[in-house]
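# Tertiary structure, described
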Amino acid sequence: MDKQTINEFGIDGFTLMEIAGTRAADFILSEIPNSSHGLFFCGKGNNGGDALVIARLLSQQDYDITVCFLSRRDDLSADAGKNLKLLQKLDVEIEILDWDDFTLNKTEYDFVVDGMLGTGLNSDVRAPYSDAIEWLNKQDIPTFALDVPTGLHADSGRILGTVVQADFTLSFGALKTGFYLNEGFDTAGEVILCELSFPNKYKKPTAYLIDEPWVEANSPSTQTKKHKYDGGVLYIVAGSEGLTGAGILAAKSAWSAGLGAVVLITPKGLLEIYEKQLIQIIKKPVGSRDDMYFKESHVESVLDILQGKPGKLLIGPGLGRQKETIHFTQKILQQFGGDAVIDADALFALSQWENWEKPEEAHWILTPHPGELKGIAKQEVNDDFERFQIASKLAQQEDYTILSKGMPSIVATTKETPYMTGYDTRIFSRAGFGDVLAGKTGAFWLKYEASELACFHALLDGHQKTMESDKPTGQLEPLDII
Ligand SMILES: NC(=O)C1=CN([C@@H]2O[C@H](COP(=O)(O)OP(=O)(O)OC[C@H]3O[C@@H](n4cnc5c(N)ncnc54)[C@H](O)[C@@H]3O)[C@@H](O)[C@H]2O)[C@H](O)CC1
Ligand SMILES: [K+]
């Protein structure tokens, strides 16, 4: 965007820098009282240039300014160099130091601006940047990181050596995926978007942030439908001996989303357990009384039930990993051919299925936690950035939707731009919470046709209930966020 705006559109980098600095200065003015003393760490590139613009603007508002260069002053980028000259033309006293002199002076500062490295970071942070970061992280004064906390990789959220722990990150022109992947979430602090004058035609997002306003704005109002759920029935194929809780949670979760028609298909041997626990839910037993888990002999009768009223399938919670159940699951997925949410042990069955083919007309939503994604992708998933890339590629090449649980949750579809949550969703990888998420995903899929909307609403619903609960997150039970 930078380059296209500068080279094609014709707003030069120096002007963009002035805008960036102005936006950032306005924010700092709103946070820090005038006549405070600010310390500005400046790198040699345009990130440092931004800091020099802010220093100049705040010096005109009665702030005391100390600028500390981490590189040689005669080695600044063109735009940063121009801003140093402007700073020196001012008629106010501005202290300008190099790192060596800085370590000697013991001035008290009221806030710090991190203009050391931004999107130009391309290797582990070295001295003296690393020394400055170490000093900075020891101060307990507000830290404003410019564009990206120095040391954080803007795309991957990985820390390169060491990283500024920012209270605020003033992100110029666009948010960075790195704020929401790996360590970005815990180092960027409060992210403030400082808009620049990039024309929208150059804006090609690498991901959409599915926060509450975005989801509400991008969801069709369901008032248009006469019944909220004329999308049909949610059939849940779940449960095995000792693992009936998963099916119960998934069914209760779908029901609590307002979905009237939930049908739990179960091996007959487990029926009375569900009779007691799931009063409102229709149960459809298959097989005989001593069947305690799904077997291949159940495939026909399950398919018959699924051929009943139109609807969607949720398969997986608590199925167990018996060989017969794995073969049962593979046959159901092969022959059902309809819309299916594939969760938990059904994902395991998928990962055990050599060169399986998704039926052409079927739409699937897979809801893997990181370990299950590794099984499906048949490759290591070493961190969130790899998870982001693998989920996106897989969803496109296999033509299904993936709700990759973790922090953040990533929703990847056949469209090339994935979605990710800007809020904490680690809870859904915990036992039982995945069942609640799966039930909601199935229910919301019947409410909103688009599979990605089902995922957005299922995640948001769980997040909102987590926030509303007066229990600390660590003590939450799955039933608390049904
Ligand atoms: N270009 C624009 O229109 C705008 C850019 N903005 C700001 O500019 C930075 C990106 O600036 P850039 O000069 O490309 O890089 P940095 O300032 O981030 O890095 C400076 C320089 O540092 C060297 N370097 C890289 N890694 C290391 C390291 N580990 N240790 C030491 N030095 C390192 C490398 O040579 C870099 O070139 C962007 O973040 C914005 O803040 C404007 O804000 C908006 C317009
Ligand atoms: K920075």
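Residues numbered from 1 in each chain as written. Chains lettered and ligands numbered in written order. Predicted model: local features only at pLDDT ≥ 70, side-chain atom pairs only at ≥ 80, totals over all residues. Heavy atoms only, no water.

In the annotation of an unreviewed UniProt entry, the entry for the protein reads NAD(P)H-hydrate epimerase, and the organism field reads Gracilimonas mengyeensis.

### Focus on the packing of aromatic side chains
Evaluation of the coordinates by the stated rule reveals 27 aromatic pairs. Ring centres 5.0 Å apart and planes at 85° place the aromatic pair Phe102 and Trp135 in the edge-to-face group. Highlighted residues: Phe102 in helix α5 (residues 99-102) and Trp135 in helix α6 (residues 129-138), separated in sequence by 33 residues. Residue Trp135 is classed as partly exposed on the basis of its relative accessible area, which comes to 22%. Linked through ring pairs, Phe27, Phe40, Tyr63, Phe111, Phe144 and Phe168 together constitute an aromatic cluster. (Phe/Tyr/Trp six-rings, centres within 6.5 Å; stacked < 30°, edge-to-face > 60°. Helix = DSSP H or I, 4+ residues; strand = E, 2+ residues; numbered from the N terminus. Buried < 20%, exposed > 50% of the residue type's maximum accessible area, 1.4 Å probe, protein only.)

### Structural notes on a negative patch on the surface
On the surface, Asp62, Asp64, Glu108 and Asp110 cluster together to form a negatively charged patch. Glu108 gets classed as exposed once you look at its relative accessible area, which sits at 66%. (Patch = residues over 30% accessible without salt bridge, like charges linked within 9 Å, V, L, I, M, F, W, Y side chains within 5 Å. Areas by Shrake-Rupley, 256 points an atom, 1.4 Å probe, with all protein chains shown as cover. Salt bridge = Lys/Arg side-chain N within 4 Å of Asp/Glu carboxyl O. Lys, Arg positive; Asp, Glu negative; His and termini not counted. Charge placed at Lys NZ, Arg CZ, Asp CG, Glu CD.)

### Examining the coordination of the potassium ion (ligand 2)
For a metal with four tetrahedral donors the ideal donor-metal-donor angle is 109.5 degrees, while six octahedral donors give ideal angles of 90 or 180 degrees. Binding of the potassium ion (ligand 2) to the protein goes through Asn47 (OD1), Asp114 (O), Asp114 (OD), Leu117 (O), Leu146 (O), Val148 (O) and Thr150 (OG1), at separations of 2.6 to 3.2 Å. With a relative accessible area of 0%, Leu146 lands in the buried category. (Donors = N, O, S within 2.8 Å, 3.2 Å for Na, K, Ca; no water.)

### Brief notes about helix α13 (residues 344-351)
Among the eight residues of α13, seven are classified as buried, and the element is accordingly described as predominantly covered. Where α13 is concerned, the buried positions are Ala344, Asp345, Ala346, Leu347, Ala349, Leu350 and Ser351. Each element contacted by the buried residues of α13 is listed here: β12 (311-315), α12 (323-336), β13 (340-342), β14 (364-366) and α14 (370-377). (Contact = heavy atoms within 4.5 Å.)

### Concerning the site of ligand 1
Close to ligand 1 lie 23 residues, the nearest being Asn47, Asp50, Gly118, Gly120 and Asp147. Contacts to ligand 1 include Asp2, whose side-chain N or O atom sits 3.1 Å from a nitrogen atom. In this structure, Ser123 approaches ligand 1 through a main-chain N or O atom, which is 2.8 Å from a nitrogen atom. When isolated, ligand 1 has an accessible area of 850 Å², and the protein chains bury 83% of it. Counting only elements with at least two residues in the shell around ligand 1, the list comes to α1 (2-9), α2 (13-31) and α3 (46-59). No other element matches α3, which puts three residues into the shell around ligand 1. (Near = heavy atom within 4 Å. Polar contact = N/O pair within 3.5 Å; in protein donor to acceptor, adjacent residues only side chain to side chain.)

### Side note on the confidence of the model for the protein
For the protein, the average pLDDT comes to 94, and 98% of its residues sit at 70 or higher. Interface confidence for the predicted complex, given as ipTM, is 0.97, next to a pTM of 0.93. (pLDDT = per-residue confidence, 0-100.)

### Section: unusual backbone geometry
With omega at -5°, the peptide bond leading from Ala127 into Pro128 counts as cis. Counting through the fold element by element, Pro128 comes out in the loop between β4 (111-115) and α6. Cis peptide bonds are those with omega within 30 degrees of zero, and the linkage from Met407 to Pro408 qualifies with 0°. Residue placement: Pro408 occurs in the loop between β15 (401-404) and β16 (410-412). Positive phi values are uncommon outside glycine, yet Ser35 reaches one of about 60°. Structurally, the position occupied by Ser35 is in the loop between α2 and β1 (37-42). One non-glycine residue, Asp399, lies in positive phi territory at about 60°. Mapped onto the fold, Asp399 is located in the loop between α15 (384-398) and β15.

### Comments concerning the pattern of salt bridges
Enumeration according to the criterion identifies 23 salt bridges in this entry. Residue Asp75 pairs with Lys44 through a salt bridge whose shortest N-O separation is 3.8 Å. Pair noted here: Asp75 is in the loop between β2 (64-69) and α4 (78-89) and Lys44 is in the loop between β1 and α3, with a separation of 31 residues, a long-range link. Here Asp75 falls in the partly exposed class, since its relative accessible area comes to 33%. Salt bridges here are not isolated pairs; linked through shared partners, they connect Lys440, Asp461 and Lys465.

### Some details on the sheet that holds β1
Here we have seven strands laid out as an open sheet, ordered β3-β2-β1-β4-β5-β6-β7, and parallel in their pairing. The open sheet has two free edges, formed respectively by β3 (95-98) and β7 (190-194), since each of these has just one partner strand. Averaged over all neighbouring strand pairs, the angle between strand axes comes to 20°, with direction disregarded. By the bridge criterion, three bridges tie strand β5 (residues 143-146) to strand β6 (residues 168-172) in an arrangement that is parallel. In the sheet register, Leu146 faces β6, and the bridge partner there is Leu170. Each of β4, β5, β6 and β7 touches α2; the most contacted strand, β6, lies at about 155° to it. Across the sheet, α3 is in contact with β1, β2, β4, β5 and β6; its angle to β1 comes to roughly 160°. (Pairing = 2+ DSSP bridges. Axes fitted to C-alpha atoms, helices over the stretch in contact; angles between N-to-C directions.)

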